[in-house]
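# Chain and residue survey
So the chains spell out like this:
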Amino acid sequence: MTIASARPAPASRLKVRPAAEARGVLVIIALGLVGYFVFPDDLAFLTRLITIALLVISLDLVTGYCGVATLGQAAMFGVGAYAVGNACLAGLTDPVMLLFVGMAAGAAAGLASGALITRFHGLPQLVLSIALGQLVGALANKLSGWTGGSDGLSGITPSPVLGLFAFDLYSRTAYVFSLVVLALVFALLLRFMRSPFGLLCRGIRDDALRARMIGAAVYPRLVIMYGLSGAVAGIGGALAAITTGVVGLDSVSFERSAEALVMLVLGGTGTLWGALTGALVFQIFEHFVAATNPFHWMSMVGLLLIVIVVFAPRGLAHGAAVLWARLRVRGAAP
Amino acid sequence: MTDRLALHGVFKSFGGLHVNSDVSFALKAGDRVALIGPNGAGKTTLVNIISGDLRPTAGRVLFEGADVTRLPIAERSRRGLARTFQISRLFASLTAGENVSLAVMQRRGLTRRVLSATADMADVHTECIELLETLGIADLAALPVGQLAYGQQRLLELAIGIALKPKVLLLDEPAAGVPHEETPKILGAIDRLPPDIAVLMIEHDMDLVFRFARRVLVLAGGRLIFEGTPAEASLDEDVRRAYLGSYADARRTA
């Protein structure tokens, strides 16, 4: 909300206001602490949840903010993971450095695929994203010297974080490390999306011709956003490789791309909170339902999706915001 | 003084259909020109050629003396060409204020910034509010575009055009679709445009044309058939025939 009142902005507005970003970090850390203390036996699952959340957030950057339809997002996640696996096996074992390796590999994959995908629109764009995803999947299977083929890469053993915190059997270090990375990435992206660049992306999504008519070069912006999205997905892939020690073909699979899209739609496209909510709700629901009913859990997940799409078509985050606003109005009434 | 905008022998065909044939005219700073003509005369096609949406089949478009015929839309816009559309095109998920501030920030080259929050840019904010105030829609700034009435959307589109501080402004039927009681607001806004801008307006409403234009171009069958003052246009035999002819034909075939 750029302009909320007709009055000139007070001087305090000139200062950098970290409010939204700080709130983002606080909420993620608070949720993370709940996870740490309430489900101490599920930290490996929660760590995996965080890596997938990063994938869903990265998808939101192109699909939600730029209107690019894609079903190949896992490719960038996988490229990040494989890059990190190879780097670690080659002797670069510092986890923070490995994060940067994953980020750079993901960004490169994002720029390359974005340069092609964003030239198209609608269904051709979607099909192209699937094709690129399948291509990466096929390469991962064939180039077994780099990827271990269908056996995957294993034996990835990063050194302790900052030389202090070794990765333990209970995933405590892995979980806290992932949580901190998620909080940082999330805060940076919140900032990014409130920037003029972020606003222009939303403008391009709304009407690309209008954006051109105000002098914006649309194509380079979309490619840059794809690169950013790839960087975030690559960080997710890097975390997955660092925290599990293995990278398999599933990390570049079509199923993973499709699931990420489902989670995003579930939570709500076009807001980072929506992406985070979708990733959380979907995976937690899946986890518990699969544990309690191993035979029918897929149908339960399907039912949940149908219910949410019917009752909150714009996603959980938006639905919750509407509900909250209604409750507040009712509460304020005499 | 160089013409702000000049067309030299512009032709446009879609397959065998000749939409524009040998159109040439020029706009100078401060011009207020109306482009009129019966339906299907090729007016909007011509505006699309000027704005860069379409490439002409032959001929040249000059902007401040430089050939821009092959330049992309965004580049023309950066040089100072702005337009509005016959059916409003706005950033639908943004607020009215964000729509204008995006144009302001793009003009000032601020949209490359990735880590400074839009809300913190006080001077952008001030410029937007002042602009919206001159158009009488400052109170709508916080509303999403979807909640604006159509007339307000037209004003907002005009605001985006003005926010770009253009040298040439193309208005494609700015009052189209606006309820009659709201047209004076649009007219008022057009009257208050910065005097230096060269404005080319497509319009059907002859009252509006008479009030706005100091010069009229008449397009019929894709050709310019008349150029002169509005008063001359209303007396011109060819113009009458172009307009009345199409109506007379319509009546005969009906």
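Owing to the predicted nature of the structure, the values given are computational and were not obtained by experimental measurement.

What counts as what
- Residues numbered from 1 in each chain as written.
- Chains lettered and ligands numbered in written order.
- Predicted model: local features only at pLDDT ≥ 70, side-chain atom pairs only at ≥ 80, totals over all residues.
- Heavy atoms only, no water.
- Helix = DSSP H or I, 4+ residues; strand = E, 2+ residues; numbered from the N terminus.
- Rg over C-alpha atoms; globule rule 2.2 N^0.38 Å.
- Buried < 20%, exposed > 50% of the residue type's maximum accessible area, 1.4 Å probe, protein only.
- Contact = heavy atoms within 4.5 Å.
- Areas by Shrake-Rupley, 256 points an atom, 1.4 Å probe, with all protein chains shown as cover.
- Lys, Arg positive; Asp, Glu negative; His and termini not counted.
- Charge placed at Lys NZ, Arg CZ, Asp CG, Glu CD.
- Patch = residues over 30% accessible without salt bridge, like charges linked within 9 Å, V, L, I, M, F, W, Y side chains within 5 Å.
- Salt bridge = Lys/Arg side-chain N within 4 Å of Asp/Glu carboxyl O.
- Buried area = accessible area lost by both parts, 1.4 Å probe.
- Nonpolar A, V, L, I, M, F, W, Y, C, P; charged D, E, K, R; others polar.
- Core = buried A, V, L, I, M, F, W, Y, C linked by side-chain atoms within 4.5 Å.
- Pairing = 2+ DSSP bridges.
- Right-handed = clockwise from strand over helix to strand, strands pointing away.
- Axes fitted to C-alpha atoms, helices over the stretch in contact; angles between N-to-C directions.
- UniProt positions renumbered as here; feature names shortened; annotations may be inferred.
- Parallel < 35°, antiparallel > 145°, perpendicular 65-115°, else oblique.
- Left-handed = near helix turned anticlockwise from the far one by under 90°.

This next bit is on the overall build of chain A. The number of helices and strands found in chain A is 14 helices and zero strands. Ordering the α and β elements of chain A from the N terminus gives α-α-α-α-α-α-α-α-α-α-α-α-α-α. Here the C-alpha atoms of chain A give a radius of gyration of 20 Å, agreeing with the 20 Å that 2.2 N^0.38 yields for 334 residues. Along the first, second and third principal axes, the C-alpha set of chain A runs to 60 × 45 × 45 Å. Counting across all 334 residues of chain A, residues that qualify as buried make up 49%. Residue pairs at least 24 apart in sequence account for 79% of intrachain contacts in chain A once pairs closer than 6 positions are excluded. Accessible surface computed for chain A: about 15400 Å², of which carbon and sulfur atoms make up 72%. A distance of 19 Å separates the average location of the 21 positive side-chain charges in chain A from that of its 13 negative side-chain charges.

Residue and element names in this part refer to chain A. Among the secondary structure elements, Ala-166 is positioned in the loop between helix 6 (144-147) and helix 7 (172-193). Judged by relative accessible area, which is 45%, Ala-166 ranks as partly exposed. Beyond its immediate chain neighbours, meaning those up to four positions away, Ala-166 contacts Pro-160 and Thr-173.

With that out of the way, let us pick up a nonpolar patch on the surface. Residues and elements named next belong to chain A. Side chains of Leu-33, Val-34, Phe-37, Val-38, Phe-39, Ile-284 and Phe-288 sit close together on the surface and give an oily, nonpolar patch of about 630 Å² of accessible area. Taken together, the elements giving at least two residues each to the nonpolar patch come down to helix 1 (19-38) and helix 12 (272-292). Its place among the elements puts Ile-284 in helix 12. A residue is classified by how much of its surface remains accessible, and Ile-284, at 32% relative accessible area, is partly exposed.

Another point: the interface of chain A and chain B. Listed by partner, the interface residues are 37 residues for chain A and 44 residues for chain B. For the pair chain A and chain B, the two sides together bury roughly 3800 Å², of which 61% comes from carbon and sulfur. A salt bridge links Asp-207 of chain A to Arg-89 of chain B, with the shortest nitrogen-to-oxygen separation between them at 2.8 Å. Elements supplying a minimum of two residues to the side of chain A that touches chain B: helix 7, helix 8 (196-206) and helix 9 (208-213) of chain A. The element contributing the most residues to the side of chain A that touches chain B is helix 8 of chain A, with eight residues. For the side of chain A that touches chain B, the class distribution of residues is 19 nonpolar, five polar and 13 charged.

Ranked by internal contacts, the top residues of the largest apolar core, which has 136 residues, are Ile-57 and Leu-272 of chain A together with Val-100 and Leu-156 of chain B. Examining the composition of this core, we find that 16 residues originate from one element, helix 2 (residues 43-66) of chain A, more than from any other. In this view, Leu-156 of chain B contacts Leu-90, Ala-96, Asn-99, Val-100, Leu-132, Ile-137, Val-145 and Leu-148 of chain B; residues no more than four positions away in its chain are not counted. Counting residues in each nonpolar core, the second largest holds 25 residues, with Ile-49, Val-61, Leu-71 and Ala-198 of chain B among its members.

All right, on to the pattern of salt bridges then. Within the structure shown, the criterion is met by 21 salt bridges over all chains. Between Arg-202 of chain A and Glu-98 of chain B there is a salt bridge whose closest N-O contact spans 4.0 Å. Of this pair, Arg-202 of chain A sits in helix 8 while Glu-98 of chain B sits in helix 3 (residues 96-107), which puts the two residues in different chains. The same class applies to Arg-202 of chain A and to Glu-98 of chain B, which are both buried. In this structure, Arg-108 of chain B engages Asp-123 of chain B in a salt bridge whose closest nitrogen and oxygen atoms are separated by 3.0 Å. A residue pair is termed long-range when its members are at least 10 positions apart, and Arg-108 of chain B in the loop between helix 3 and helix 4 (122-134) and Asp-123 of chain B in helix 4 qualify at 15 residues. A residue is classified by how much of its surface remains accessible, and Asp-123 of chain B, at 46% relative accessible area, is partly exposed. By sharing partners, the salt bridges in this structure join Arg-107, Arg-108, Asp-123 and Glu-127 of chain B into a single network.

Our focus in this paragraph is the pairing of strand 8 (residues 198-202) of chain B. Residues and elements named next belong to chain B. Burial within strand 8 is extensive, with five of its five residues counted as buried. In strand 8, alternate side chains face the same way, and those of Ala-198, Leu-200 and Ile-202 on one face and Val-199 and Met-201 on the other are all buried. Relative to strand 8, strand 3 (residues 32-36) runs parallel, the two sharing four bridges. From the neighbouring strand, Ala-34 faces strand 8, where its bridge partner is Met-201. Taken together, the five bridges between strand 7 (residues 168-172) and strand 8 define a ladder with parallel strand orientation. Note that in strand 8 the partner of Leu-169 across the bridge is Val-199. Each parallel crossover has a hand, and the one from strand 7 via helix 6 (residues 183-191) to strand 8 is right-handed.

The subject of this paragraph is the sheet that holds strand 6 (residues 81-84) of chain B. All names here are of chain B. Read across the sheet, six strands follow the order 6-7-8-3-9-10 without closing on themselves; strand pairing throughout is mixed. With one partner strand each, in any of the chains shown, strand 6 and strand 10 (223-228) form the two edges of the open sheet. Direction aside, the axes of adjacent strands within the sheet are offset by 15 degrees on average. As paired elements, strand 3 and strand 9 (residues 215-220) share four bridges and run parallel to each other. Counterpart to Val-33 in the pairing with strand 9 is Arg-215.

All names here are of chain A. Per the UniProt entry, the sites bearing "transmembrane region" (unreviewed entry) are residues 20-39, 45-62, 98-117, 174-193, 223-249, 261-285 and 297-325 in this numbering. Secondary structure content for residues 45-62 is 100% helix and 0% strand, while the C-alpha to C-alpha distance between its ends is 27 Å. In this annotation, residues 98-117 is assigned 100% helix and 0% strand; the end-to-end C-alpha distance for the span is 28 Å.

Residues and elements named next belong to chain A. Remark: helix 3 (residues 74-89) packs on helix 4 (residues 95-117), axes separated minimally by 8 Å, with the N-to-C direction vectors making an angle of 140 degrees. Judged by the inter-axis angle, helix 3 sits oblique to helix 4. As for the relative orientation of helix 3 and helix 4, their crossing is right-handed in sense. Counted together, Met-76, Val-79, Gly-80, Ala-83, Val-84, Ala-87 and Cys-88 of helix 3 and Leu-98, Val-101, Gly-102, Ala-105, Gly-106, Ala-109, Gly-110 and Ser-113 of helix 4 form the full contact between these two elements. In terms of residue class, the contact of helix 3 with helix 4 is built from ten nonpolar, five polar and no charged.

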